[in-house]
Amino acid sequence: EELATWLHERFSGTPVLVNSGRSALELAFRRMRKRESLLGRNRILVPSLICPCVPRKIVKTGFTPVFYDLDENLSASQEDAINAANQDTAGILFPYLYGKMTGLGVLAEYCGRHAPVLIEDCAASFLLSDSSGVLAGSRGDYAVFSFATGKTLNAGSGGILLDRASKFD
């Protein structure tokens, strides 16, 4: 309960503590499936450099993964994600690869105007902030954190889904 309160105070949204980041990601996709505003939208955009479990979770939950490129800094490209989006796009997954932080304003604004769900994959960026001081996980409709071995904060296992999207449906 203390951890959930702490997370809510820093990130807003409803924190859901789960056994892994993968489970948190799957839970986000399952919640998206239930949203009326996403009926008929079947594509989840995901960068071409990503853990293979991510496209598996996309397929498992009935969506189709569509890949977009990285930018010159080897971060997920907001521009390529926007260019790949269309009216069938249910969501755009944006990971902070290798803990590299980048401002997410352009993509967040696009999603706000065109209605695809923005999912921040913060598996490698818990409590990291961009150059403006914005914490990873602060802008998306959903934010996913992982505490497995090799992550920013290593607890051996565990994950969190921060849900800011449920209030809209």
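Before reading further, recall that the structure is shown in the block above.
So, here is what we can say about the structure in this document. This is a predicted model, so every value here is computed, not measured. (Residues numbered from 1 in each chain as written. Predicted model: local features only at pLDDT ≥ 70, side-chain atom pairs only at ≥ 80, totals over all residues. Heavy atoms only, no water.)

### Some points on the pairing of strand S7 (residues 159–163)
Looking along a regular strand, one sees side chains alternate from face to face of the sheet. Stated precisely, the cut-off is as follows: Only protein chains enter the area calculation, which uses a 1.4 Å probe; residues under 20% of their type maximum are buried, those over 50% are exposed, and those in between are partly exposed. Put simply, DSSP marks the helices as runs of H or I at least four residues long and the strands as runs of E at least two long, and each gets a number from the N terminus on.
A large share of S7 lies buried, amounting to five of its five residues. Where burial is concerned, the two faces of S7 agree: the one with Gly 159, Leu 161 and Asp 163 and the one with Ile 160 and Leu 162 are both buried.

### Some remarks on the pairing of strand S4 (residues 89–95)
Cut-off, in case you're wondering: Strands were regarded as paired on the criterion that DSSP finds at least two bridges between them.
Of all seven residues in S4, seven are buried; the element is thus mostly enclosed. Note: strand S2 (residues 43–47) against S4, three bridges, orientation parallel. Each residue of the ladder has a partner; that of Ile 44, found in S4, is Gly 91. Pairing analysis gives five bridges linking S4 to strand S5 (residues 117–121), with the strands arranged parallel.

### Considerations on the pattern of salt bridges
Note the cut-off: By convention in these notes, a salt bridge is any Lys or Arg side-chain nitrogen within 4 Å of a carboxyl oxygen on Asp or Glu.
A full pass over the atoms with the stated rule returns five salt bridges. A salt bridge links Arg 30 to Glu 26; the nearest nitrogen and oxygen atoms lie 2.9 Å apart. Here Arg 30 pairs with Glu 26, and both are found in helix H2 (residues 21–33), just four residues apart, close to one helical turn. We classify Arg 30 as partly exposed; its relative accessible area is 38%. With its nearest N and O atoms 2.5 Å apart, the salt bridge here joins Arg 31 to Asp 163. Of this pair, Arg 31 sits in helix H2 while Asp 163 sits in strand S7, and the two are 132 residues apart along the sequence. A residue is classified by how much of its surface remains accessible, and Arg 31, at 26% relative accessible area, is partly exposed.

### Let's talk about the sheet that holds S4
Going by this rule: For helices, the fitted axis covers only the stretch in contact; all axes are lines through C-alpha atoms, and the angles between them, taken along N-to-C directions, range from 0 to 180 degrees. We call two residues in contact when some of their heavy atoms are within 4.5 Å.
With mixed pairing, seven strands are arranged side by side in an open sheet as S1-S7-S6-S5-S4-S2-S3. Of all strands in the sheet, those bounded by a partner on one side alone are strand S1 (14–18) and strand S3 (64–68). Sheet twist, expressed as the average angle between the axes of neighbouring strands with direction ignored, equals 20 degrees. The strands touched by H2 are S1, S2, S4, S5, strand S6 (142–146) and S7; relative to S6, the strand with the most contacts, the crossing angle is about 160 degrees. Packed onto the sheet, helix H3 (residues 53–60) meets S2, S3, S4 and S5 and runs at close to 145 degrees relative to S3.

### Focus on the packing of H2 against H3
Put simply, the rule reads: Each crossing gets its hand from how the near helix is turned against the far one by less than a right angle, where anticlockwise is left-handed and clockwise is right-handed. For this classification, Asp, Glu, Lys and Arg are treated as charged, while Ala, Val, Leu, Ile, Met, Phe, Trp, Tyr, Cys and Pro are nonpolar and the rest, including Gly, are polar.
Interaxial distance between H2 and H3 falls to 9 Å at its minimum, and their mutual angle equals 35 degrees. Seen from above, H2 lies across H3 with right-handed handedness. Two secondary-structure elements touch here, H2 through Arg 22, Leu 25, Glu 26, Phe 29 and Arg 30 and H3 through Cys 53, Val 54, Lys 57, Ile 58 and Lys 60. The residue inventory of the contact of H2 with H3, partitioned by class, reads five nonpolar, no polar and five charged.

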